[in-house]
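What follows is each chain in one-letter form.
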Amino acid sequence: MQHNLVLYNTLTRKKEKFEPLHPNLVGMYVCGPTVYSDVHLGNCRTFVSFDLIFRYLLHLGYKVRYVRNITDAGHLEGDNDEGDDKFAKKAKLEQLEPMEIVQKYTIGFHDVLRLFNTLPPSIEPTATGHISEQIEMVKQIIENGYAYEANGTVYFDVEKYTKEHNYTILTNRNLEDLLNNTRELGGQDEKKGRLDFALWIKAKPEHIMRWPAPWSIGFPGWHIECSAMSRKYLGDQFDIHGGGMDLAATHHTNEIAQSEACNHTSPAKYWMHTNMLTVNGARMSKSAGNGFLPGELFTGNHPLLNKGYSPMAVRFFMLQAHYRSTLDFSNEALDAAEKGYKRLMNAIGLLDKIVPSATAKIDVDLEALTARCYAAMDDDFNSPVLIAELFEVVRLINSIYDGKQQADSATLDMIKKLMNDFVFDIMGLKDDQLGADNESIDKLMELVISLRNEAKQNKDYATSDKIRNELAAIGIQLKDSKEGTLWNKI
């Protein structure tokens, strides 16, 4: 099947046909978490979205090098090179070494993404593991005339850069507006220009995380790490750079400037950004009191939640919205997603219980439907349209199971392949409704059905009906057929 994958490029503000720099090879860099606290849902939405993209590229046959960094140094509380180091501050609060903080929250991050069933990236580099690469890049930027040193700190010269390059090319913002929204330099400020940002920061005496560099004992600025690590593992130019839309205005803007200043080329051909989360229509944030962590969402242990939801139901909920659309959390929306997820998994579970007919008689053109599923994914990874197409397959499966339509072995195999490809391989879902011990539950149901059949043979219809009704009350449906009694989850 011919695929014409198109994706939305933030850099050009339009959809473009995906053409990798090297045939059949894809280099993709996604900005990872800053591991000084528990990963939040906004991060998870971004990583689930890029997991979908990663999975689809692999499914299409590309060899993908997916790099996602861990920021474990250099991130100050403000984006203007001000404030305390987030790791040192957290370490002081918890009376731990900074790298204990990093280890604790990196493990927590991986645990959460494992629950969401995301594939691990090809490479997961850390900022502290690439100090020398960052220093070398800063040296090259200074040598090329786009940075200057002041009292041990090195700043990127935005004014010099803007004379030859479009600094706001990614967001198309007006440079004058940027300057007007940036505070005036104080008399003691070392920076030449208001928009200048730090590439290397001289450490204060109390700063714990520090490394020797030609300019001072210090630590790297936040933006330089991604430029240095993407360059090391993907080259001066690569295919896709991704992250949350909140990174575009400052972090990604500065990444482009650094790479242009160092390598004389823009780092990525395609820039992709995921949209933000809202809760009941309001932006999710700690200050608003409406932010909750993944663990709270799974357990329901939060005042805004009526109950907990399984990680797969939440993943399904996230994929119901396009990655560039706002995702609004509400109890009603989560309940609807949970029901949809269960319907999808229940239908797939029925496939192994359907006895093939001699001939096929169905009202769906499976080849055309498969083509529509691919068309949805080829259109900027449009998961909500894909899900709508898959529920047409759910309707078909239920109809075949109920005896209203007929499917032979070839038809059933085609349906199974379609669902396996799109539901499990591409969307990354799995059936978590019964837990890991499905075999034991199958044997248990065999025993229950045997006891019910025995009651029917003894004309004990009251017991037979009670077993059927009690199972229905807990979400298990029995269906008597000429092949015997079948069961499925409601």
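- If you look the chain up in an unreviewed UniProt entry, it shows as Cysteine--tRNA ligase from Sphingobacterium litopenaei.
- Recorded in UniProt for the chain, the comment headed Sequence similarities (unreviewed entry) runs: "Belongs to the class-I aminoacyl-tRNA synthetase family."
- In its Subunit (unreviewed entry) section, the UniProt entry covering the chain states "Monomer."

1. Structural notes on the environment of Leu 396
Alright, step 1. Within the secondary structure layout, Leu 396 lies in helix α13 (residues 383-401).
Alright, step 2. On the basis of relative accessibility, which here comes to 0%, the residue Leu 396 falls in the buried class.
Alright, step 3. Spatially, the C-alpha atom of Leu 396 lies 9.1 Å from that of Ala 347, the residues being 49 residues apart in sequence.

2. Points about the pairing of strand β7 (residues 197-202)
Alright, step 1. Burial runs high along β7: five of the six residues are buried.
Alright, step 2. Summarising the sheet, strand β6 (residues 153-156) and β7 pair through three bridges and their orientation is antiparallel. Across the sheet, residue Tyr 155 finds its bridge partner in β7, namely Ala 198.
Alright, step 3. Pairing geometry for β7 and strand β9 (residues 217-220), over three bridges, is antiparallel. Directly across from Lys 202, in β9, lies its bridge partner Gly 218.

3. A look at the UniProt feature "binding site: Zn(2+)" (unreviewed entry) in the chain
Alright, step 1. Within the UniProt annotation, "binding site: Zn(2+)" (unreviewed entry) is assigned to Cys 31, Cys 226, His 251 and Glu 255. What stands out for the annotated residues spanning 225 residues is how close their C-alpha atoms remain, the widest pair being 11.1 Å apart.
Alright, step 2. Counting through the fold element by element, Cys 226 comes out in helix α7 (residues 224-234).
Alright, step 3. If we ignore the near neighbours within four places in the chain, the residues touching Cys 226 are Tyr 29, Cys 31, Asn 69, His 251 and Glu 255.

4. Overview of the nonpolar core
Alright, step 1. Of all hydrophobic cores here, the largest spans 89 residues; its most connected members are Phe 329, Leu 344, Phe 381 and Met 419.
Alright, step 2. Those residues in contact with Phe 329, other than ones at most four positions away along the chain, are Leu 41, Leu 277, Thr 278, Val 279, Asn 280, Met 284, Phe 292, Leu 297, Phe 317, Met 318 and Leu 334.
Alright, step 3. Among the nonpolar cores identified, the runner-up in size contains 40 residues, and Cys 31, Met 137, Leu 178 and Ala 261 belong to it.

5. Describing the packing of helix α1 (residues 41-59) against helix α14 (residues 409-426)
Alright, step 1. It is at 9 Å that the axes of α1 and α14 come closest, and there the two elements cross at 140°. Classified by the angle their axes make, α1 and α14 are oblique. Here α1 contributes Leu 52, Arg 55, Tyr 56 and His 59 to the contact with α14, which in turn contributes Asp 421, Phe 424, Asp 425 and Ile 426.

6. Concerning α14
In an α-helix, one full turn covers 3.6 residues, which means residues spaced three or four apart are oriented alike.
Alright, step 1. Taking 1.5 Å as the rise per residue, α14 with 18 residues should run 26 Å; its terminal C-alpha atoms sit 24 Å apart, in good agreement.
Alright, step 2. Along its length, α14 shows its largest kink, about 30°, at Asn 420.
Alright, step 3. Three or more residues of α14 are buried, namely Thr 411, Leu 412, Ile 415, Leu 418, Met 419, Asp 421, Phe 422, Val 423 and Ile 426.
Alright, step 4. The first or second residue beyond α14 is Gly 428, which carries a positive phi of 70°.

7. Examining the packing of aromatic side chains
Alright, step 1. Scanning the model with the defined rule gives 17 aromatic pairs in all.
Alright, step 2. Measuring from centroid to centroid gives 6.2 Å for Tyr 56 and Phe 381, while their planes differ by 90°, and the two rings are edge-to-face. In this pair, Tyr 56 sits in helix α1 while Phe 381 sits in the loop between α12 (366-378) and α13, placing the two residues 325 residues apart along the sequence.
Alright, step 3. Under the relative-accessibility criterion, Tyr 56 is labelled buried at 0%.
Alright, step 4. Note on Phe 381: relative accessible area 1%, which makes it buried.
Alright, step 5. Relative to Phe 197, the ring of Phe 156 has its centre 5.0 Å away and its plane inclined at 15°; by these criteria the two rings are stacked. Within this pair, whereas Phe 156 is found in strand β6, its partner Phe 197 is found in strand β7, the two being separated by 41 residues in sequence. Phe 197 shares its class with Phe 156; the two are buried.
Alright, step 6. Linked through ring pairs, Tyr 146, Phe 156, Tyr 161, Tyr 167 and Phe 197 together constitute an aromatic cluster.
Alright, step 7. Above the ring of Tyr 148, the side-chain terminus of Lys 192 is found at 4.5 Å from the ring centroid.
Alright, step 8. For the cation-ring pair, Arg 324 lies above Tyr 8, with the distance from its terminal atom to the ring centre recorded as 4.3 Å.

The rules behind the values
Residues numbered from 1 in each chain as written. Predicted model: local features only at pLDDT ≥ 70, side-chain atom pairs only at ≥ 80, totals over all residues. Heavy atoms only, no water. UniProt positions renumbered as here; feature names shortened; annotations may be inferred. Helix = DSSP H or I, 4+ residues; strand = E, 2+ residues; numbered from the N terminus. Buried < 20%, exposed > 50% of the residue type's maximum accessible area, 1.4 Å probe, protein only. Pairing = 2+ DSSP bridges. Contact = heavy atoms within 4.5 Å. Core = buried A, V, L, I, M, F, W, Y, C linked by side-chain atoms within 4.5 Å. Axes fitted to C-alpha atoms, helices over the stretch in contact; angles between N-to-C directions. Parallel < 35°, antiparallel > 145°, perpendicular 65-115°, else oblique. Expected span 1.5 Å × (residues − 1). Bend = angle between axes of the 7 residues up to and from the residue. Phe/Tyr/Trp six-rings, centres within 6.5 Å; stacked < 30°, edge-to-face > 60°. Lys NZ or Arg CZ within 6 Å of the ring centre and 35° of its normal.

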